[in-house]
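Report on the structure
This is what each chain is made of:
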Amino acid sequence: MNSVRTARRSFLKLFAGVPPAAGLLMAGRTDAAAPQPPQAPQGRDVIQELRVRTFINAAGTFTALSGSLMLPEVRAAMQVAARRFVRLEDLNDAVSTRLAELLRCEAGLVTAGCASAMMLGTAACLTGTDTARIRRLPDTTGMRNEVIVQRSHRVGYDHAIRNTGARMIEVRTSQELVKAINGRTAMLFYLNASTDRGSIRHEEFVRLGRQHKIPTLIDTAADVPPVDNLFRFQKIGFDLVCFSGGKGLRGPQSAGLLLGRKDLIAAARLNNCPNADAIARTNKVNKEEIVGMLVAVEMFLKRDHEAVWKDWQGRCHRIAAALKGFDDVRTSMNVPAIANHVPHLRITWEVKRRGVTAGEVVRRLRDGKPSIELAPGAGGSGGNLTIGVWMMEPGEDAVVAERLRTILGGGR
Ligand SMILES: *Cc1c(COP(=O)(O)O)cnc(C)c1O
């Protein structure tokens with residue numbers, strides 16, 4: 001870690017004061033004797049200038065921790081896009097067609113995160129392509145404005161649905177759902193992460209929607225991997241499918257995907273930026289993010305997911321191996337069933353024997369150099385923690401392992 005940072009710094013120092021064009025020429029030179037640091041940053045390091053703490057992400061794709069890191073290919077495509085003007089609607093048309101081909105749906109839209117996809121999908125169901133209605137939202141006068149949801153599928157993020165002025169109607173069973181359908185029903189909402197907690201499963205939910213001609217929308221924000229999930233819900237028959245762009249897909253953190261029926265995506269787009277008198281004018285997506293999102297999807301489809309999974313497992317094993325010497329410390333690999341379905345490492349210990357609580361470990365990891373951040377909410381007075389390994393950069397698992405071994409071993 002440190003040697004990479006040092007190398008990077010001296011690389012920058014080397015080119016300080018060299019005119020940019022000459023710097024580029026020199027940087028492009030292939031000189032085997034002087035290895036180039038990989039991807040030396042081109043611009044100012046504003047985060048460092050502002051002295052804002054950066055850290056090894058041992059948590060996962062948490063928005064509050066800035067999500068995931070975009071892949072180099074995504075960043076590069078965004079840089080190139082940043083140098084051109086386009087009509088946003090031309091770009092949206094072209095990207096919709098490309099997303100439809102890639103993800104086997106009728107149409108697609110890059111939105112300002114999954115939350116915006118949820119809001120736009122709902123707005124589409126409320127307004128259709130009626131301009132007067134689009135302008136009226138979130139006043140839903142004269143529109144269907146009820147969204148039916150299983151009680152166990154309520155989630156803070158459904159605020160995005162309520163932004164449109166829609167009301168959430170809670171049901172528990174398919175019988176209750178059918179009874180709740182009336183002339184005001186605009187949409188049926190399904191939260192994929194809560195599948196195991198609800199009594200109505202995907203296929204039945206979609207069937208009920210079709211039977212009563214009510215569009216269905218599914219929130220699958222954090223549900224890739226597995227890669228199959230990028231196709232699965234359109235195939236089951238959901239009319240609208242919403243993904244986060246900046247979680248497992250490693251696209252722009254402020255981007256997301258709305259996939260689905262052509263007529264509904266068209267209506268969603270009328271409710272979206274660049275239209276001024278539209279509810280999602282506040283959720284602008286720039287051309288760089290649109291392009292970056294598309295490239296992230298392409299990269300995700302091309303990835304060797306098995307190899308990536310093995311790499312994540314390897315990280316868990318290496319951290320666990322570093323803690324083998326403590327006989328009260330137990331480690332196990334845990335893969336959440338649906339959202340964030342990737343290997344995590346669970347660690348438990350006897351607080352009396354180790355002399356530290358989880359809260360203290362969290363604090364000391366954060367205060368160390370380099371700083372290491374665990375999931376928001378990790379800690380407490382017990383002896384257990386979960387380490388998310390999938391957002392670590394290569395080699396960082398060794399740093400985390402060493403720090404954990406030191407802290408649990410009673411060292412400084
Ligand atoms: C993260 C998340 C969202 C919001 O996604 P953004 O891309 O950050 O807008 C919505 N629903 C669920 C279940 C999520 O986990």
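Computed from a prediction, not measured in an experiment: that's the story for all the values here. (Residues numbered from 1 in each chain as written. Predicted model: local features only at pLDDT ≥ 70, side-chain atom pairs only at ≥ 80, totals over all residues. Heavy atoms only, no water.)

Examining the overall build of the chain
In plain terms, the rule: The numbering of helices and of strands both runs from the N terminus, where a helix is a DSSP run of H or I of at least 4 residues and a strand a run of E of at least 2. Type-normalised accessible area, obtained with a 1.4 Å probe on protein chains alone, sets the label of each residue: buried when under 20%, exposed when over 50%, and partly exposed for intermediate values. Residues count as neighbours in contact if any of their non-hydrogen atoms are within 4.5 Å of one another. In this description, accessible areas are obtained by the Shrake-Rupley approach with a 1.4 Å probe, and a residue is regarded as covered only by the protein chains that are shown.
When you go through the chain residue by residue, the secondary structure sums to 17 helices and 12 strands. Scored against the burial criterion, the 412 residues of the chain give a buried share of 49%. A sequence separation of at least 24 residues applies to 69% of the contacts in the chain between residues at least 6 apart. A total accessible area of about 20600 Å² is found for the chain, and carbon and sulfur atoms account for 53% of it.

A word on the sheet that holds strand S6 (residues 216-219)
Selection criterion: Any two strands with at least two DSSP bridges between them are considered paired. Whenever a helix is involved, its axis is fitted only over the stretch in contact; in every case the axis is a line through C-alpha atoms, and angles between N-to-C directions fall within 0 to 180 degrees.
Pairing is mixed across the open sheet formed by seven strands, whose spatial order is S2-S8-S7-S6-S5-S3-S4. The sheet is open, and its two edges are formed by strand S2 (107-111) and strand S4 (167-171), each paired on a single side. Each strand of the sheet is rotated relative to its neighbour by a mean of 25 degrees, with strand direction disregarded. In the sheet, S6 pairs with strand S7 (residues 240-244) via three bridges, with the strands oriented parallel. Residue pairing for S7: Leu217 is matched across the bridge by Leu240. Strands S2, strand S3 (146-150), strand S5 (185-191), S6, S7 and strand S8 (256-260) of the sheet are contacted by helix H6 (residues 113-127), whose axis makes an angle of about 160 degrees with S7.

A short note on the site of the ligand
Cut-off, in case you're wondering: A molecule or strand has a residue near it when one of that residue's heavy atoms lies within 4 Å. Polar contact criterion, stated in full: a pair of N or O atoms within 3.5 Å, where within protein one must be able to donate a hydrogen and the other to accept it, and residues adjacent in sequence count only if both atoms are side-chain atoms.
Contacts to the ligand come from Thr63, Gly113, Cys114, Ala115, Tyr157, Leu191, Asp219, Ala221, Ser244 and Lys247. Between the ligand and Ala115 there is a distance of 2.9 Å, counted from an oxygen atom to a backbone nitrogen or oxygen. At a separation of 2.7 Å, a nitrogen atom of the ligand approaches a polar side-chain atom of Asp219. Starting from 380 Å² of accessible surface for the ligand in isolation, the protein chains cover 85%. Sort the elements by how many residues they give to the shell around the ligand and H6 lands first, with three residues.

Description of the nonpolar core
To keep it simple, the criterion reads: For the purposes of this section, nonpolar cores are sets of buried Ala, Val, Leu, Ile, Met, Phe, Trp, Tyr and Cys residues that join through side-chain atoms within 4.5 Å.
The biggest cluster of nonpolar side chains holds 49 residues, and the ones touching the most others in it are Leu103, Val110, Leu177, Leu230, Phe238 and Leu257. The element contributing the most residues to this core is helix H13 (residues 287-302), with nine residues. Every residue in contact with Leu257, bar those within four places of it in the chain, is listed here: Leu99, Leu103, Leu109, Val110, Thr111, Ala117, Val241, Cys242, Phe243, Leu249, Met293 and Val297.

Concerning the state of the cysteines
Cysteine pairs can be linked by a disulfide, which is a covalent bond between their two sulfur atoms. Note the following rule: We call a pair of cysteine sulfur atoms a disulfide when they lie within 2.5 Å.
In this structure the tally under the stated criterion is zero disulfides. Summary of cysteine pairing: Cys125 is not part of a disulfide, and the nearest cysteine sulfur, belonging to Cys242, is at 9.8 Å. For Cys125, a relative accessible area of 14% corresponds to the buried category.

Topic: a nonpolar patch on the surface
Heads up, the rule is: A residue counts toward a patch only above 30% relative accessible area and without a salt bridge, and it is joined to like-charged neighbours within 9 Å or, for Val, Leu, Ile, Met, Phe, Trp and Tyr, to nonpolar neighbours within 5 Å. By salt bridge we mean one thing: a side-chain nitrogen of Lys or Arg within 4 Å of a carboxyl oxygen of Asp or Glu.
Together, Val46, Ile47, Leu50 and Val52 make up an exposed nonpolar region whose accessible area comes to about 360 Å². Inspection of the secondary structure puts Ile47 in helix H3 (residues 46-49). For Ile47, a relative accessible area of 45% puts it in the partly exposed group.

A closer look at the packing of H6 against helix H12 (residues 262-270)
Worth spelling out the cut-off: Here the angle decides the label: under 35 degrees means roughly parallel, over 145 means roughly antiparallel, 65 to 115 means roughly perpendicular, and every other value means oblique. Each residue gets one label: Ala, Val, Leu, Ile, Met, Phe, Trp, Tyr, Cys and Pro are nonpolar, Asp, Glu, Lys and Arg are charged, and the others, such as Gly, are polar.
Interaxial distance between H6 and H12 falls to 8 Å at its minimum, and their mutual angle equals 105 degrees. Accordingly, the angle class assigned to the pair H6 and H12 is roughly perpendicular. Residues Leu120, Ala124 and Cys125 of H6 form the contact with H12, whose participating residues are Leu264, Ala267 and Ala268. Looking at the contact of H6 with H12 residue by residue, the class counts come to six nonpolar, no polar and no charged.

A few points about the packing of helix H5 (residues 88-103) against H13
At their nearest, the axes of H5 and H13 sit 11 Å apart, and the two run at 10 degrees to each other. Taken together, H5 and H13 sit at an angle that is classed as roughly parallel. Every residue of H13 that contacts H5 at Leu88, Leu91, Asn92, Val95, Arg98, Leu99, Leu102 and Leu103 is listed here: Lys287, Ile290, Val291, Leu294, Val297, Glu298 and Leu301. Looking at the contact of H5 with H13 residue by residue, the classes come out as 11 nonpolar, one polar and three charged.

Some words on the pairing of S2
Burial analysis of S2 places five of its five residues in the buried class, the great majority of the element. Residue alternation in S2 divides its side chains into two sets, Ala107, Leu109 and Thr111 and Gly108 and Val110, and both sets are buried. The sheet contact formed by S2 and S8 spans five bridges and is antiparallel. Paired with Thr111 across the two strands is Gly256, which belongs to S8.

Here we look at the confidence of the model for the chain
Note the threshold: A residue's pLDDT is the confidence the predictor assigns to it, expressed on a 0 to 100 scale.
In the predicted model, the chain carries a mean pLDDT of 92, and 90% of its residues have values of at least 70. Confidence drops under a pLDDT of 50 for residues 1-36, and excluding neighbours within four residues, the segment shows 16 contacts in the predicted structure.

Points about the packing of aromatic side chains
What counts is decided by this rule: Pairing of aromatic rings covers Phe, Tyr and Trp, the last counted by its six-membered ring, and requires centre-to-centre distances within 6.5 Å; plane angles under 30 degrees mean stacked, over 60 mean edge-to-face, and any other angle means tilted.
Across all of its chains, the model carries six aromatic pairs by this definition. Here the aromatic rings of Tyr190 and Phe238 are separated by 5.7 Å at their centres, their planes lie at 65 degrees, and the arrangement is edge-to-face. Separated by 48 residues along the polypeptide, Tyr190 in strand S5 and Phe238 in the loop between helix H11 (229-236) and S7 bring together distant segments of the chain. Side by side, Tyr190 and Phe238 carry an identical accessibility label, which is buried. Here the aromatic rings of Phe233 and Phe238 are separated by 6.5 Å at their centres, their planes lie at 70 degrees, and the arrangement is edge-to-face. The rings of Tyr190, Phe205, Phe233 and Phe238 are connected pair by pair, giving a single aromatic cluster.

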